[in-house]
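Report on the structure
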Amino acid sequence: MGASGLLMPGLAEAAGSKIALPPDISNERLITVTAAPTQRHLVAMTFDDGPHPTLTPQLLDILKARRIRATFYVIGRNVARYPDIVKRMVDEGHEIGNHTWRHPFLTQLGSNSVLRELDRTSEAVYKAVQRIPVTMRPPYGALSRNQRAMIHKERDMPTILWSVDPEDWRRPGAQVVANRIVGGARPGSIILSHDIHGPTIKAMPAALDGIKDHGYKFATVSMILGQRDWSKMRWRLPREARAKS
Ligand SMILES: [Zn+2]
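Source: prediction; values computed, not measured.

Parameters and conventions
- Residues numbered from 1 in each chain as written.
- Predicted model: local features only at pLDDT ≥ 70, side-chain atom pairs only at ≥ 80, totals over all residues.
- Heavy atoms only, no water.
- Donors = N, O, S within 2.8 Å, 3.2 Å for Na, K, Ca; no water.
- Buried < 20%, exposed > 50% of the residue type's maximum accessible area, 1.4 Å probe, protein only.
- Phe/Tyr/Trp six-rings, centres within 6.5 Å; stacked < 30°, edge-to-face > 60°.
- Helix = DSSP H or I, 4+ residues; strand = E, 2+ residues; numbered from the N terminus.
- Lys NZ or Arg CZ within 6 Å of the ring centre and 35° of its normal.
- Salt bridge = Lys/Arg side-chain N within 4 Å of Asp/Glu carboxyl O.
- Expected span 1.5 Å × (residues − 1).
- Bend = angle between axes of the 7 residues up to and from the residue.
- Contact = heavy atoms within 4.5 Å.
- Axes fitted to C-alpha atoms, helices over the stretch in contact; angles between N-to-C directions.
- Parallel < 35°, antiparallel > 145°, perpendicular 65-115°, else oblique.
- Nonpolar A, V, L, I, M, F, W, Y, C, P; charged D, E, K, R; others polar.
- Pairing = 2+ DSSP bridges.

Details of the coordination of the zinc ion
Every protein donor of the zinc ion is listed here as Asp49 (OD), His99 (NE2) and His103 (NE2), and their distances to the metal cover 2.1 Å. Ordering the donors of the zinc ion by residue number gives the pattern D-x49-H-x3-H. Take His99 and His103: they sit in the same class, and that class is buried.

As structure tokens, then:
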């Protein structure tokens, strides 16, 4: 893929400046991912729907105490409201993924609206932390095969689903959530949770320690897929945009 293919035209247009993906990222054939193809004892914890003003910082404390890096699929309008929490996520080594601007059923939207949901969110993340998500997760996991291919083609973003779902949003109780997560972990698992539910946060110490006791280590989504460490990617504006600013 040539350099121009790495640009994000929709994002550039909306932001009034071009934001380029780093030249070293290549999603290759990763269009839809539910788990990483690895035999290593490695899992990716993912947290959707935040940032939440009080629960997300509590979760960050829990992760920090264990030196665990996770991936946050953030909602754009929450990023615009709580940019400092997103900054803290990045400062502490976590990866940010795109979970749309207002959490709609994307299957009910046309391509332009889908891309707008993603671009507005990437812009908000860029504004907060001067980098952009390289993967997306559709709300409710709802995205057609054609839409997944369209997003991959237009924005070079793989759709990241999951292989372990504790159904924490049904609030079955912290212990049940922890047991489901620990019991479900396999090499390469991508584990779904939501950092907007109190019982989920309460479940995390037991869930994380349980996974670790089974011999697993934690990675962000990009890392578990064998890509560059998102936190170490170099982000740059093309020359013409730098000149303008
Ligand atoms: Zn969600």
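Overview of the packing of aromatic side chains
Counted under the stated rule, the structure contains 2 aromatic pairs. Residues Phe105 and Tyr140 carry aromatic rings whose centres are separated by 4.1 Å and whose planes lie at 15° to one another, so their mutual orientation is stacked. With a gap of 35 residues between them, Phe105 in the loop between strand S4 (95–98) and helix H5 (111–129) and Tyr140 in the loop between H5 and helix H6 (145–155) connect regions that are remote in the sequence. Take Phe105: its relative accessible area is 38%, and that puts it in the partly exposed class. Across from the ring centre of Trp230, 5.2 Å away, lies the NZ or CZ of Arg131, which sits over that ring.

Concerning the pattern of salt bridges
The tally for this structure, following the rule as stated, stands at 13 salt bridges. The closest approach of N and O atoms between Lys232 and Asp229, which form a salt bridge, is 3.3 Å. Judged by its relative accessible area of 56%, Lys232 falls in the exposed class. Residue classification places Asp229 among the buried residues on the basis of a relative accessible area of 13%. Several salt bridges share partner residues, and in doing so they unite Asp61, Lys64, Arg88 and Glu92 into one network.

Regarding helix H8 (residues 198–213)
When the terminal C-alpha atoms of H8 are compared, their 24 Å separation across 16 residues agrees well with the 22 Å that a helix rising 1.5 Å per residue should span. Residue Met204 marks the point of greatest curvature in H8, where the axis turns by about 40°; the proline Pro205 follows within four residues. For H8, the full list of buried residues reads Thr200, Ile201, Ala203, Met204, Ala207, Leu208, Gly210 and Ile211. In the core, the buried residues of H8 are packed alongside strand S2 (42–48), helix H2 (55–65), helix H7 (174–184), strand S6 (190–194) and strand S7 (217–218). Downstream of H8 by a residue or two, Gly215 has a phi angle that is positive, lying close to 90°.

Notes on the packing of H2 against helix H4 (residues 83–91)
H4 packs onto H2 with a crossing angle of 10° between their chain directions and a minimal axis gap of 11 Å. In terms of their interaxial angle, H2 and H4 are classed as roughly parallel. Mapping the contact onto sequence places Thr56, Pro57, Leu60, Asp61 and Lys64 in H2 and Ile85, Arg88 and Met89 in H4. The class makeup of the residues in the contact of H2 with H4 is 4 nonpolar, 1 polar and 3 charged.

Side note on the pairing of S2
With 7 of its 7 residues buried, S2 lies for the most part within the structure. Residues Leu42, Ala44, Thr46 and Asp48 point to one face of S2 and Val43, Met45 and Phe47 to the other, with burial holding for every one of them. Both S2 and S7 contribute to a ladder of 2 bridges, which runs parallel. Directly across from Leu42, in S7, lies its bridge partner Lys217. Bridge count for S2 against strand S3 (residues 71–74) is 3 bridges, and the pairing is parallel.

Section: unusual backbone geometry
Gly50 connects to Pro51 through a cis peptide bond whose omega is -5°. Turning to its location among the elements, Pro51 is positioned in the loop between S2 and H2. In this structure, Asp49 takes a positive phi of about 85° despite not being glycine. Structurally, Asp49 is set in the loop between S2 and H2. A relative accessible area of 11% means that Asp49 is categorised as buried.

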